[in-house]
Amino acid sequence: MTSGNLRPGRPGGRSVQGPTGRTDALRLGTRGSPLALAQSSLVASWLRERLGRQVELVHIVTAGDRSQEAISQLGGTGVFVSALREALLAGEIDLAVHSLKDLPTAPPDGLVIAAVPPRADPRDVVVTPSGRKLSEFRPGSTVGTGSPRRAAQLRALGLGLNVVPIRGNVDTRIKKAIDGAVDAVVLAHAGLDRLDRLDAVTEVLDADVMVPAAGQGALAIECVGDPSAFDDVLDRVDLYRGNVTLAELLRFVLDDPLSRTAVVAERAYLAAIEAGCSAPVGALADVAVTPDGAMAAGVIRLRAVVASPEGNGVLRRVVTGPAHHPEALGERLADAMLSAGAQTLMGNF
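Let me begin by describing the structure that accompanies this report. No experiment lies behind these values; they were computed from the predicted model shown. (Residues numbered from 1 in each chain as written. Predicted model: local features only at pLDDT ≥ 70, side-chain atom pairs only at ≥ 80, totals over all residues. Heavy atoms only, no water.)

For A200, the location among the structural elements is in the loop between α7 (189–194) and β9 (203–204). The exposure class of A200 is buried, given its relative accessible area of 15%. Between the C-alpha atom of A200 and that of P129, which follows or precedes it by 71 residues, the distance is 8.3 Å. Setting aside chain neighbours within four positions, we find A200 in contact with V126, V127 and I174. (Helix = DSSP H or I, 4+ residues; strand = E, 2+ residues; numbered from the N terminus. Buried < 20%, exposed > 50% of the residue type's maximum accessible area, 1.4 Å probe, protein only. Contact = heavy atoms within 4.5 Å.)

The following block contains the structure:
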């Protein structure tokens, strides 16, 4: 079972009745785009339900929001998160919600990804008013995407597609297809799902055809904290006495171990191959689960792709390994890709 089959509307978190005596609101930092607000509102509703605390959304404008240039021209990794992280470190907000695929693989000192809630479908989708699938497009048809990863894999399909860069929020990109500026756009399934726009989807792309970005479909809840504090967080008796840090509490009520394991493997691969979130690189982990949906003590299947920006060279590899060592699996896959020439294919990304 793929971790991407989990949906954010059915979180596996826990209710905590102990630390509910505080009356001050949690300040949740978020970007102001419709998708960011939908994601942050979802997390806020979970926190209100499970902690009995008010949650205030604090809008933060990032470098990626201020510019319409291609992400790779803005510096790639981190353009949508730096301002949120600065607000966390300055004490202006208590926690932030990110699309995990936008996060650099190395967190800054003093911050921690406290929770990864249940992941949404990580795959990419095609949106086109004609209702055609990619294989039905004529050579020269224009397909819009702001992602070098998607662009490289689209070109590598050998369909003669004219892949063009586009920017803007989800509705803006869909409108480009509806208005005829492009014949189709490729977007993340998870984003359309969270915005209740799955009706616009023409085709869901199999992950073997279009490998998603590492962490796609997952959310990251980040706050001030120390990663070492999580060693025994689920067994800590004082969680119910209120003697717990915010990072530990977020882990306890929001984290999904299955989703976290999958994205840890994917991001370990991304870090080891030294590629940012704007590189033509994809990774997706499938974590074995038991019949009741819990993580099995079995294996992770991790697949990855590296493509040249022009799509004239593609490397694909799949490895498997134990679920309790996701980082090692990601690093092993990166070693295999680098030995096969991945760095040359990626170019300057």
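Looking now at the sheet that holds strand β8 (residues 184–188). Spatial ordering of the open sheet is given by β7-β6-β8-β5-β9, a layout of 5 strands whose pairing is mixed. One side of each edge strand has no neighbouring strand; the edge strands of this open sheet are β7 (162–165) and β9. Note that strand β6 (residues 142–145) and β7 share 4 bridges and pair parallel. Bridge pairing links T142 to N162 in β7. Where helix α6 (residues 170–178) meets the sheet, its contacts fall on β5 (124–127) and β8, and the angle it forms with β8 comes to roughly 155 degrees. (Pairing = 2+ DSSP bridges. Axes fitted to C-alpha atoms, helices over the stretch in contact; angles between N-to-C directions.)

Turning to the sheet that holds strand β1 (residues 26–30), a few remarks are in order. Taken in spatial order, the 5 strands of this open sheet run β2-β1-β3-β10-β4, and their pairing is mixed. Two strands in the sheet have a free side with no partner beyond their single neighbour: β2 (55–59) and β4 (111–115). When the angles between neighbouring strand axes are averaged without regard to direction, this sheet yields 35 degrees. Looking at chain direction, strand β3 (residues 95–99) and strand β10 (residues 219–224) are connected through 5 bridges and run antiparallel. Looking across to β10, one finds that L95 is bridged to C223. Helix α1 (residues 34–51) rests against β1, β2, β3 and β10 of the sheet, and its axis sits at about 160 degrees to β1. Together, β1, β3, β4 and β10 form the strand contacts of helix α8 (residues 246–254), whose direction differs from that of β4 by roughly 25 degrees.

Keep in mind that these numbers describe shape and distance, not what the molecule does.
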